[in-house]
There are 2 protein chains.
Amino acid sequence: MTKMGKREEIARAALDLIAEHGFHGTSMAMIAERAKVGAGTIYRYYESKDALIEGLFKEVELKLHETLWNETVKDQSVRERFLHLGNSLLRYLIDNPIHFKYLEQFFNSPYGVEHRREKIFGEESKDNEILEVFIDGVSKGEMKDLPIVILCAQSFGPIMAMARDHNLGFFTLDDDLIPQVIEACWDAIKRK
Amino acid sequence: MTKMGKREEIARAALDLIAEHGFHGTSMAMIAERAKVGAGTIYRYYESKDALIEGLFKEVELKLHETLWNETVKDQSVRERFLHLGNSLLRYLIDNPIHFKYLEQFFNSPYGVEHRREKIFGEESKDNEILEVFIDGVSKGEMKDLPIVILCAQSFGPIMAMARDHNLGFFTLDDDLIPQVIEACWDAIKRK
DNA sequence: ATAGACTGAATGAACATTCATTCCGTAAGG
DNA sequence: CCTTACGGAATGAATGTTCATTCAGTCTAT
């Protein structure tokens, strides 16, 4: 197997197992077995278990970012841009349930909380293209006059909740339902 | 110290530590130390670590239920009842951040997923007083014609998201903001 | 032949759980 | 009122297991 093939196998195995059993519930031995590599081989690609966890997050984050970015359509109305964003996000989360589970594990851990804190309070914002929609929405009076972070929670909160329930099989989000629920998210934040 | 005093100490210590470090990140030794009891003492009150986790959940669930139930006001409009419910829930979650953190840990674990599955698909529903608001809302045409579980996710999703961000210090939900955000939740599910 | 990739047994730390022992409040007996 | 004996509560060292990590040795491609 090629060098990159092994890294890929390790990443996929770790992602699957951590999504299912959480960080502490997944041992390096389990990852090695699922990836069909020796236990020591993982350490050729990731310095430690912590580095593996952080590395996997960065990979998933990057992929999600590309998805949201690619589909974002500039020079459209705030409403259109928001609906695009919500749709892309929801579809990504239900098309990549393992990634979604992993992100949830990550953000519920000390790793992820610190990460978000930096994203919100730090200077740099890779998320600008997302925040921009909200900043635009508020300044043009098309969204409610609430703090941006609250608008994010109001609209992304239900998307996460629904994606989670869909992935757990509690109901099915089909092509009929998805536009309706994203529209409902818009209703929550639009100005009346 | 009295018998119940020790059980109380153990429960509080476990709740605090698990909320902070998760199930696997919290050892029985850590709990014993924080509760100022011997490691073996925990096993006089809880059969195993698993039993402790389940027991704590039941205690927290009961307290939350009492809060929501006590404040629910019968024979009011669907809108009023929903706003009451949302308010009570949000206030509980930000007044009891440890309980909220614990519930999140629990529902993100195999324990909790199975628990929710039974709640949704099982026969008995202790949550009837909550579901009733949604059933009423849909049948009276005051809420959107979407599956009940989706309406729950639409309205409770953002409440959870906002409570989490508030508890992490990302923003502050004050008495001004809370009615506004609950109203926004209502906007997401109300019929136009 | 050599270098780098790979392996998995070995290691020591940390874990949940157990249990022989100690502690302590109570009540009977002096 | 004091002493003694009792039994449940509490303890924490000991146990066996599992973990992340290491490294001496093996393999493989050039």
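What comes next concerns the included structure. These numbers come from a predicted model, not from an experiment. (Residues numbered from 1 in each chain as written. Chains lettered and ligands numbered in written order. Predicted model: local features only at pLDDT ≥ 70, side-chain atom pairs only at ≥ 80, totals over all residues.)

### Brief notes about the environment of B:L90
Residue and element names in this part refer to chain B. By the secondary structure assignment, L90 is in helix α5 (residues 78–95). As for L90 and A163, which are separated by 73 residues in sequence, their C-alpha atoms are 6.4 Å apart. When residues no more than four places from it in sequence are discounted, the contact partners of L90 are I159, A163, I178 and I182. (Helix = DSSP H or I, 4+ residues; strand = E, 2+ residues; numbered from the N terminus. Contact = placed C-beta atoms within 7 Å.)

### As for the packing of helix α9 (residues 148–167) of chain B against helix α10 (residues 177–189) of chain B
All names here are of chain B. It is the contact of α9 with α10, at a shortest axis distance of 9 Å, that shows an interaxial angle of 155°. On the basis of the axis angle, α9 is roughly antiparallel to α10. Relative to α10, the crossing made by α9 is right-handed. Facing α9, whose interface residues are L151, Q154, S155, P158, I159 and M162, α10 presents V181, C185, A188 and I189. In the contact of α9 with α10, the residues fall into eight nonpolar, two polar and no charged. (Axes fitted to C-alpha atoms, helices over the stretch in contact; angles between N-to-C directions. Parallel < 35°, antiparallel > 145°, perpendicular 65-115°, else oblique. Left-handed = near helix turned anticlockwise from the far one by under 90°. Nonpolar A, V, L, I, M, F, W, Y, C, P; charged D, E, K, R; others polar.)

### Structural notes on the protein's contact with DNA strand C
Inspection of the region around DNA strand C gives 16 residues, with A:G38, A:G40, A:T41, B:S27 and B:G40 positioned closest. When contributions to the surface near DNA strand C are tallied by element, the ones reaching two or more residues are α1 (3–21) of chain A together with α2 (28–35) of chain B. Classifying every residue of the surface near DNA strand C by side-chain character gives six nonpolar, six polar and four charged. (Near = placed C-beta within 6 Å.)

### Overview of unusual backbone geometry
All names here are of chain A. Positive phi, normally seen in glycine, also occurs at K36, with a value near 55°. Mapped onto the fold, K36 is located in the loop between α2 (28–35) and α3 (42–45). Using a count of 12 C-beta atoms within 10 Å as the deciding quantity, one classes K36 as exposed. (Buried ≥ 20, exposed ≤ 12 C-beta atoms within 10 Å, placed from the backbone.)

### Comments concerning the interface of chain A and chain B
On the chain B side, the residues contacting the 31 residues of chain A number 31 residues. At the level of secondary structure, the elements contributing two or more residues to the side of chain A that touches chain B comprise α7 (110–121), α9 (148–167) and α10 (177–189) of chain A. Tallying contributions element by element places α9(A) first for the side of chain A that touches chain B, with 11 residues. Of the residues assigned to the side of chain A that touches chain B, the class counts are 20 nonpolar, seven polar and four charged.

### Regarding the relation of the copies chain A and chain B
Copies of the same chain, two in number, are related to each other by a rotation about an axis and a translation along it. The transformation that overlays chain A on chain B combines an axial shift of 0.0 Å with a rotation of 180°, and the residual RMSD is 0.1 Å. What we have between these two chains is a two-fold relation. Interface residue correspondence from chain A to chain B reaches 100%, placing this contact among same-surface, isologous pairings. (Least-squares fit on C-alpha atoms with pLDDT ≥ 70 in both.)

### Regarding the nonpolar core
One finds A:C185 and B:C185 to be the most contacted residues of the largest nonpolar core, which totals 54 residues. The set of elements that each furnish at least two residues to this core consists of α5 (78–95), α8 (128–139), α9 and α10 of chain A together with α5, α8 (128–139), α9 and α10 of chain B. Other than its neighbours up to four places away in sequence, B:C185 contacts A:A188, B:G86, B:S155, B:P158 and B:I159. (Core = buried A, V, L, I, M, F, W, Y, C linked by C-beta atoms within 7 Å.)

### With respect to the protein's contact with DNA strand D
Close to DNA strand D lie 16 residues, the nearest being A:S27, A:G40, B:G38, B:G40 and B:T41. Within the residue set of the surface near DNA strand D, elements represented by two or more residues are α2 of chain A together with α1 (3–21) of chain B. The residue makeup of the surface near DNA strand D, split by class, is six nonpolar, six polar and four charged.

### Things to note about α10(A)
In this model, α10(A) (13 residues) spans 19 Å end to end at C-alpha, consistent with the 18 Å of a helix rising 1.5 Å per residue. Among the residues of α10(A), A:V181, A:I182, A:A184, A:C185, A:W186, A:A188 and A:I189 are the ones counted as buried. Where α10(A) is buried, its residues meet α5 and α9 of chain A together with α9 and α10 of chain B. (Expected span 1.5 Å × (residues − 1).)

### Quick look at the packing of α5(A) against α8(A)
All names here are of chain A. In contact at an axis separation of 10 Å, α5 and α8 are set at 145° when each is read in the N-to-C sense. At the point where α5 passes α8, the crossing takes the left-handed sense. Of α8, the residues touching α5 (which contributes V78, R81, F82 and L85) are I130, V133, D136 and G137. Taken together, the residues of the contact of α5 with α8 break down into five nonpolar, one polar and two charged.

### Points about the environment of A:K74
Residues and elements named next belong to chain A. Along the chain, K74 falls in the loop between α4 (49–71) and α5. The exposed category is assigned to K74, around which 7 C-beta atoms lie within 10 Å. Each C-alpha atom, one on K74 and one on E129, is 9.5 Å from the other, the two residues being 55 residues apart in sequence.

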